[in-house]
Every structure is written in structure tokens, then in C-alpha cells.
Amino acid sequence: GKGVDGMAAYDPAAPGPHPIVLLEADEDGDYTPAIRGLPDWAVVETEPFDDNREIVVAELVGCMGVTAKTPRGVDCEFEDTDTTLALFDATYAITVRVAATGEIIGSTTVEGTSDDCPFVAFIEDGDTEYVNTPSDDDIVAALGPIIGA
């Protein structure tokens, strides 16, 4: 909940959309920048990652993580690895904070649902589940009212 020095100032009275960095929590609860096809108001850090020149324009930070999972009753088989993962739908909570101060200005939820197994998945030893993620359109729709889009 702390802010980051040097981030762009957030003025809620100014017209939106307000630039936001979206972070996604992994299964360990660590947040990393989301790699998604979001509109221009979503700030994305590009290589080299040794500075923060791309993200200092962000007025807001969104933190997204799974709050509930529901099994779909579908097993996804990945032949090249002889791995089978159970498919789960998920509810994701997104908390939006002012980047410079850490103040929470809003929160929302978005669903990740699908009957389809992914064509490609990053699988680590011991993985037993594939958790669906929300679509970019659903994330945009959920964030829109909070960031003024």
C-alpha cells in the first residue's frame, strides 16, 4: 500500500482515462507487469528493464489476483509433456491505487471463464491446474469506470 516517488500525479478531477500499470499476481502472490493487449492508457514497461522510464507516466497501479476458483470438470492434456491439467474458472479482484501515494481509489472483479483448453500453457513440474484468465476486453470494461475510460 505504499506509493512510489517520481510517479505521475493523479488528479481525479482531470479527464480520463488515467494511465495505469496493471500487475498480476502469480500463484505465489508475487506481482509482475501484465502482458496483455490493453489500450494506450495501459502503461507497459519494455526492455531494457533496468530503469522505469516507461512506467513513471502511470498515475495509477492496478493489482489483479485470483480470489476464487471453480473447477470446470475438464482435463487439458498436453501431449508433448505428458501433462494433464484440470481446467478452472476464476474470479479476479483488481484493486486500483494512486501510484504516487498508494491510496486505494477503487476495486472491481472480473471473471476468467472458458470451456476450452489453452493451445499453449507454461507448465512447471508439479502443476495440476490451469486457471482461466479474463479477456483483455473484460479487464478494460472492469477498469473503465475507475480510470475514467
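Attention here is on the structure that accompanies the text. Please read all numbers here as calculations on a predicted model, not as lab measurements.

Side note on the overall build of the protein
Looking only at helices and strands, the protein has one helix and six strands in total. With 149 residues in all, the protein has 35% of them scored as buried. Here the contacts in the protein between residues at least 6 apart in sequence split such that 64% fall between residues at least 24 apart. Here the protein has roughly 9000 Å² of accessible surface; of this, 49% comes from carbon and sulfur atoms.

Section: the pattern of salt bridges
Summed over all chains, the structure comprises three salt bridges. A salt bridge links Arg72 to Asp89, with the nearest nitrogen and oxygen atoms 2.4 Å apart. With Arg72 in strand E3 (residues 60–78) and Asp89 in strand E4 (residues 83–98), this pair connects stretches of sequence that are 17 residues apart. Assessed through its relative accessible area of 31%, Arg72 is described here as partly exposed. A salt bridge links Asp115 to Arg72, with the shortest nitrogen-to-oxygen separation between them at 1.6 Å. Of this pair, Asp115 sits in the loop between strand E5 (104–112) and strand E6 (129–131) while Arg72 sits in strand E3, and the two are 43 residues apart along the sequence. Asp115 sits in the exposed class, given a relative accessible area of 52%.

Section: the packing of aromatic side chains
Throughout the structure, instances matching the rule amount to zero aromatic pairs. Cation over ring: Lys69 sits above Phe88, and NZ or CZ is 5.5 Å from the ring centre.

Some remarks on the nonpolar core
Formed by 16 residues in total, the largest nonpolar core has its most connected members in Met64, Ile94 and Val96. Of all the secondary-structure elements, those providing two or more residues to this core are strand E1 (20–25), E3, E4 and helix H1 (136–147). Setting aside anything within four residues of it in sequence, one finds Ile94 in contact with Leu22, Gly62, Cys63, Met64, Gly106, Ser107, Thr108, Val110 and Leu143. With seven residues, the next largest nonpolar core counts Met7, Leu23, Ala58 and Cys63 among its residues.

Some thoughts on H1
Spanning 12 residues, H1 covers 15 Å between terminal C-alpha atoms, matching the ideal 16 Å at 1.5 Å per step. Considered for burial, the residues of H1 that qualify are Ile139, Ala142, Leu143, Gly144, Ile146 and Ile147. Residues of H1 that are buried make contact with E1, E3, E4 and E5.

Here we look at the state of the cysteines
In protein structure, a disulfide is the covalent linkage between the sulfur atoms of two cysteines. Under the definition given, this model contains one disulfide. Here Cys76 connects covalently by a disulfide to Cys117, the sulfurs 2.1 Å from one another. Here the disulfide of Cys76 and Cys117 is left-handed, its torsion about the S-S bond being about -85°. On the criterion of sequence distance, the pair formed by Cys76 in strand E3 and Cys117 in the loop between E5 and E6 is long-range, its members being 41 residues apart. Looking at Cys117, the relative accessible area reads 34%, which means it is partly exposed.

Thoughts on the environment of Ala93
Of note, Ala93 is situated in strand E4. In this structure Ala93 comes out as partly exposed when scored by relative accessible area, which is 23%. Considered as a pair, Ala93 and Met64 are 29 residues apart in the sequence and their alpha carbons are 5.5 Å apart. Once residues within four sequence positions are removed from consideration, Ala93 is found in contact with Cys63, Met64, Gly65, Thr67, Thr108 and Thr109.

Rules and cut-offs
- Residues numbered from 1 in each chain as written.
- Predicted model: local features only at pLDDT ≥ 70, side-chain atom pairs only at ≥ 80, totals over all residues.
- Heavy atoms only, no water.
- Helix = DSSP H or I, 4+ residues; strand = E, 2+ residues; numbered from the N terminus.
- Buried < 20%, exposed > 50% of the residue type's maximum accessible area, 1.4 Å probe, protein only.
- Contact = heavy atoms within 4.5 Å.
- Areas by Shrake-Rupley, 256 points an atom, 1.4 Å probe, with all protein chains shown as cover.
- Salt bridge = Lys/Arg side-chain N within 4 Å of Asp/Glu carboxyl O.
- Phe/Tyr/Trp six-rings, centres within 6.5 Å; stacked < 30°, edge-to-face > 60°.
- Lys NZ or Arg CZ within 6 Å of the ring centre and 35° of its normal.
- Core = buried A, V, L, I, M, F, W, Y, C linked by side-chain atoms within 4.5 Å.
- Expected span 1.5 Å × (residues − 1).
- Disulfide = S-S within 2.5 Å.

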